[in-house]
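Residue-level structure breakdown
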Amino acid sequence: MRTVEEVRATLQIAKLKEEDLQETIHCLSFGEGVSSTDYCLMELDDTLCKHIEAGESLVIRGDKDERAVLCSGDKTYDLKIADTSNLLLFVPGCRTPDQLTNSQGTSHLVHTQIWGFCNSYWELRKQRPKLKKLKKLLMENPYEGPALAGQEENTENRYTMLDLLERIQASEEEIQTHLQTIHACQIEGYWRVLDFDYEMKLLGHVAQLVDSESWSFNKVPLETSLEELGPLEPKEMIEHCLNCYGKRFTENGQVFYALDEDKVCRATALLLLQNAVKFNLREFQEVWQQSVPEGMVTRLDQLKNLALVDRSSHPQTISLLRVEDLPEDTLERFNHLFTLREKWTEEDITPYIQDLCGEKQTTGALLTKFARSSMQNGIKVFNSRRPVAT
């Protein structure tokens, strides 16, 4: 083990002045069998540090064929190895200069053993959760309503929240939020997405009841709805439908729902478009308006990221194009969009790339990076920066 005299001789060779250094001198030595594979380092920001210090956990998620991500309770991070030219040493009990007290007046040695070392660390970068797989899993066994007499319900491919946390690369909060977005609900402890035809059947019951009772769509009473529709469908499903397509509020101790016109019109459009490759736009708008409950007004802006209008064709057409069916990867998304249509206006393409934006990122920045702009008949349009295979 080194002595103070040996350290001073080393300082002299290095042409360093002892008075310019800390009084406490750490002499490091490697323990037996130390390897760079014993430990992994991870760089955390202040938010994640406080998360760990509060006793919370961080979870690495991903199947064998997926790139691993790190999840906190509410956010998802990409994991990337960063190499460093400096050797990073693990020294237990090592104190930083601000933790040292230089009160002894003379230099003194502290002999410390190195437990491990690394020349790389995991770097974290916040990223969008990978949620497309969530609906894909739940659609393996969609809920089609209570089993009929004599029929057995399919109990395969059902998932609890713990199952989803094992399979989906997202935080629990992000998964919960997306479950609401896709209108999933818990049935007997399992998260289920409703079969679309069954969901429309429930919505149809509600709309017919509102019409027959001459209620306002902005004030649908929950208790009466459950009493009237209970003989037709499970009350839990009726209330779930109201939660999906309306906003709950209380007045004089009674629960009401204000049905969301945009959501109801959007669902009706999906019902019309799902079985047609293309629809004459004018005819579609007529049928669509006739199909929604009386008193509701349909508008094309209700169909953002759900349907695409082709104004260059004669006659103009509309077709189904759901953002949820597009690739999650940004480059793959742009390639797919430019395969569908060579040139896009900003108004048309924005709904299909909005969800790709990261923190403080705009659709304009994405278009600048992945597309090339030009003017066509006085309108700015965007096309691919590279040849696209069709």
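Everything in this summary refers to the structure shown in the same document. From a predicted model like this one, the values you see are computed outputs, not experimental measurements.

Structural notes on the pattern of salt bridges
- Across all of its chains, the model carries 18 salt bridges by this definition.
- Residues Asp301 and Arg299 are paired through a salt bridge, measuring 3.0 Å at the closest nitrogen-oxygen approach.
- By relative accessible area, Asp301 is classed as partly exposed at 44%.
- Note that Arg333 is salt-bridged to Asp355, the shortest N-O span being 3.0 Å. With Arg333 in helix α11 (residues 330-340) and Asp355 in the loop between α12 (346-349) and α13 (363-370), this residue pair connects regions lying 22 residues apart in the sequence.
- Here Arg333 falls in the buried class, since its relative accessible area comes to 2%.
- A single network of salt bridges, built from pairs that share partners, joins Asp63, Glu66, Lys133 and Arg167.

Points about α11
- Residues of α11 that are buried include every one of Thr330, Arg333, Phe334, Leu337 and Phe338, and no others. With its buried residues spanning 125° around the axis, α11 presents them on a single face.
- Lining the buried residues of α11 we find β16 (344-345), α12, α13, β17 (371-376) and β18 (379-384).
- The N-cap residue of α11 is Asp329: its side-chain oxygen and the backbone nitrogen of Leu331 are 3.2 Å apart.

Details of the sheet that holds strand β10 (residues 220-221)
- Spatially, the 3 strands line up as an open sheet ordered β10-β12-β11, and their pairing is antiparallel. In the strand order of this sheet, the two ends are held by β10 and β11 (246-251), each with one partner.
- Examined bridge by bridge, β10 and strand β12 (residues 254-259) share 2 bridges and lie antiparallel to one another. Looking at the pairing, Pro221 lines up with Phe256 of β12.

Cut-off values and rules
Residues numbered from 1 in each chain as written. Predicted model: local features only at pLDDT ≥ 70, side-chain atom pairs only at ≥ 80, totals over all residues. Heavy atoms only, no water. Salt bridge = Lys/Arg side-chain N within 4 Å of Asp/Glu carboxyl O. Buried < 20%, exposed > 50% of the residue type's maximum accessible area, 1.4 Å probe, protein only. Helix = DSSP H or I, 4+ residues; strand = E, 2+ residues; numbered from the N terminus. Arc of directions from axis to C-beta. Contact = heavy atoms within 4.5 Å. Polar contact = N/O pair within 3.5 Å; in protein donor to acceptor, adjacent residues only side chain to side chain. Pairing = 2+ DSSP bridges.

Take it as geometry only, folks, not as evidence of what the structure does.
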